[in-house]
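Each chain, letter by letter, is given below.
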Amino acid sequence: MTTMTPPVSLREHVTPIAAETHVVAAHWLKQGLVLALADGRVLRWRDGAVVDSVEAHAGGILCAIGDGERLITGGDDGRVVTTGFEGEPVEIAKDPKRRWIDAITLSPSGNLAWNTGKTVQTRDEKGRVRTLDAASTPQGLVFAPKGYRLAIAQMNGVSLWYPNTEAKPEFLDWKGSHLDVAWSPDGRFVVSSMQENALHGWKLGDKPGHMRMTGYPAKPRSLSWSHDGLWLASSGADGAIVWPFQGDGPQGKAPRECGVRHARVTRVAFHPGALVLAIGYDDGCILMVRLTDGSELLVRPALRDSGISAFAWDKAGKRLAFGAEDGAAGVLALPS
Amino acid sequence: MSEKIPVTVLTGYLGAGKTTLLNRILTEDHGKKFAVIVNEFGEAGIDGDLIVGADEEIFEMNNGCICCTVRGDLIRILDGLMKRKGKFDAIIVETTGLADPAPVAQTFFVDQDVGDATRLDAVVTVTDAKWLKDRLKDAPEAKNQIAFADVIVLNKTDLVTAEELADVEAAIRAINPYAKLHKAERANVDIAALLDRNAFDLDRILDIEPDFLEAGHHHHHAEDVRSISLTIPGEVDPEKFMPWINDLTQIQGPNILRSKGILAFKNEPRRFVFQGVHMILDGDLQRDWKDGETRESRLVFIGRDLNENELRKGFEACAA
C-alpha cells in the first residue's frame, strides 16, 4: 500500500559510513557495529565513527552471522573466521581444498554450521565438529530456534539434521532448487526460498502440510520473522511481501504488501520488538513501514547503483544499520 | 545497472588442450582480468587470481520442460562473484571433458539474476586433431561439444599430416559448419578470436553463412549430429511461423542443440532474428532490412537425428 503524500523522512537521523565496497552483512556486537565486506575486510564502527577495518579473509566474504561477542564469516578462501570488536580475526576452520564457504548460521546457544561443496559441518558450543555429506549441494542453513537441529536447503527439498545423532536427516521434499531457509521462532514452520521465484513452507508436527507462496517477480532471497513470530517478510517483489503465520500458516491467505514502489525489494528486516519493517530496494531506497496501518517513513532516498544489500537492527531496536552494494552504509538512530 | 560481464564457456574433450588454452588466456598480456570457474577435478596448474572450483551440479527447472536443465553451482558462484564487481572484466567457465554445454548455456537464459548481471558471450570448444575422429565415434559428449560451439579450436595440428587434418576438419564441418574454426598447435590461437564474440547477442547476428575457408569440401557419411539449413526465398507469415517454431522446439527440443534464424516477416520492415538452445528461444525484431538486401528467411538447426524433409516442409508451410 502506498500513501499519496510523500513519507515523513528520517534522513537527518542517518549517520553515513563509507565502507567502500559491497557490504555483505551488517551485525551489531555489544560494543558496536561490524560490517562484513566483499573484499574480505571486517569494518568496525562505534559512536558515529569507523574504528578500524581488519582483513578477515584473503579473498572475499560470502556469508556472515554473529552474536553479541563476535562476527563469524565464511569466505571464498575456504576459511571460517571469527572477528570480535577488538583484536585480530581468528580462523576457526579451513577447507583443505580452499572451496567457497557458501552459507553459515549460528544458533542462540552458540552452535555453528557452515557448508562448502557438498559438505555441511557443525561445531557445537564445546567445539565438537560433525560432518554431513549431502546428496545434493547444501545451500541455505538455519538452526531450529531450540535444540541442536539444522535445516539445510537443497535440491528438491530441505533436510532436517540432528548433528549429535547418527540418524539420517529427515527430508522435507518439494521439487525444485531451494536456496535460503528460515525456521519460525515457535519452531512450527520451515520456509525456503526457491529458484522458481517462490517460497515454499512446511508445517511440522502432527499435521504436517505444505505451503506454497508464489507470484514473486524475482527470487525472494531475504526473509525476516516478526518479533512475535506471526509474520514472515520477504524480498523479491516491488514491495515487501509479508505472510501471515498465525494458526495453520499462510496457505489460502493473502499476504500483506508493504512499501510498494517502482523498484525491487532486496532486503527486509523486522524490528526486534515492534511490527515495524525496514525495507531496502535495489534502487538504494530504504523505507520503514508500520505493519498495523501501512504508514511509511523514508530512511534513505533512492541512489543510483546503491542497492541495499544488508540490514541489522540492534538488540534494543533503537538503531538500524544498512549497507549497499556500492560500499555505502549507514546507521539510522531512531529519534526517541 | 552497469554493463553486463561477458562469459566465455570453454569446453573440450579430455586431453584436447583446454587447460593449455586457459593458461594462455590468463597469462597473455591483454590487459584483461578474468574470473575463472573451473571444474573441481580438473587438471591442476592454472594460475590466476580469481579461480573458483565448481561442482557441475545440474538440475531440472521446475517448469515442465525436460531439457531445461541449468547449473545450480554456476548460479551460486556467479552470485558470489557479482559482489566483487570491478575485480575482473570477464568470466571464463571451464567445463569437464564429459560435460554437455547446454545446461551451462541455458543457465544464462533461465536464471534471471545471472541474466541481469552477465551475458553468455560464446561457447568455445577445443578439439584434438589427432584423436577427435575416434572420439566422434565413441563419445557422444565430444560430438555435442562440436555441435554446440560458436568457436572451435582445432588443436595439436602438428601431430597430424595435412591429409588427416583436412579429414578431421571435414568431420567437424559435417556436424557444425557455422562455428568459427581456428587451427592451433599447443593452443596457440589469437585470444582476440575467442573473446567478445557476442555469439548469443541478437543484435550481432548478421548472417548465418557457413564458415568455410574453401568450397568443395568432400562429402561425409551421414552423422547423427549435423546441421540443417533451410531457406525460403521470401517472407514468412509470423502467424504461422511463431506457433510452428514454438511447437517444434517444445517437441524436438531435446534433439535440437542450437538454432538460429533471420526472417523476413510480412509487412515488417525489420529483420526478425532469433537464436535458441534446446527449447529456450530468444528472438526479437532487429534492424531494418537494408536497401538491396534480399528479403529472405533462413533457419539453421544443429541437432541429433533431425528429419530434414519434415523440417523443410514445416518451414515452407510458413511462407507468406
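Just above, that's the structure.
Residues numbered from 1 in each chain as written. Chains lettered and ligands numbered in written order. Predicted model: local features only at pLDDT ≥ 70, side-chain atom pairs only at ≥ 80, totals over all residues. Heavy atoms only, no water.

1. Overview of the interface of chain B and chain A
Between chain B and chain A, the contact holds 21 residues from the first and 30 residues from the second. The junction of chain B with chain A conceals about 2,300 Å² of combined surface from both sides, 47% of it contributed by carbon and sulfur atoms. Along the contact surface separating chain B from chain A lie 6 salt bridges. In this structure, the salt-bridge partner of aspartate 102 of chain A is arginine 76 of chain B, at a minimum N-O distance of 3.5 Å. Connecting chain B to chain A are 8 residue pairs in polar contact (both at pLDDT 80 or more). Mapped onto the side of chain B that touches chain A, the elements with two or more residues apiece are β4 (58-60), α2 (72-81) and α4 (112-117) of chain B. With 6 residues, the single largest contributor to the side of chain B that touches chain A is α2 of chain B. Looking at side-chain class alone, the side of chain B that touches chain A contains 8 nonpolar, 3 polar and 10 charged residues. (Contact = heavy atoms within 4.5 Å. Buried area = accessible area lost by both parts, 1.4 Å probe. Salt bridge = Lys/Arg side-chain N within 4 Å of Asp/Glu carboxyl O. Polar contact = N/O pair within 3.5 Å; in protein donor to acceptor, adjacent residues only side chain to side chain. Helix = DSSP H or I, 4+ residues; strand = E, 2+ residues; numbered from the N terminus. Nonpolar A, V, L, I, M, F, W, Y, C, P; charged D, E, K, R; others polar.)

2. Let's talk about helix α1 (residues 18-27) of chain B
Residue and element names in this part refer to chain B. Most of α1 sits inside the fold, with 7 of its 10 residues counted as buried. Along α1, the residues classified as buried are Lys18, Thr19, Leu21, Leu22, Asn23, Ile25 and Leu26. On its buried face, α1 is in contact with β1 (5-12), β2 (34-39), β3 (50-54), β6 (90-94), β7 (118-128) and β8 (151-155). (Buried < 20%, exposed > 50% of the residue type's maximum accessible area, 1.4 Å probe, protein only.)

3. Looking at the sheet that holds strand β2 (residues 14-18) of chain A
Residues and elements named next belong to chain A. Strand order in the open sheet formed by 4 strands is β2-β31-β30-β29, and the pairing between neighbours is antiparallel. The sheet terminates laterally at β2 and β29 (308-313), the two strands that pair on one side only. Pairs of neighbouring strands in the sheet enclose a mean axial angle of 20°, with direction left out of account. Pairing of β29 with strand β30 (residues 319-324), which is carried by 5 bridges, proceeds in the antiparallel orientation. Note on β30: the bridge partner recorded for phenylalanine 311 is phenylalanine 322. (Pairing = 2+ DSSP bridges. Axes fitted to C-alpha atoms, helices over the stretch in contact; angles between N-to-C directions.)

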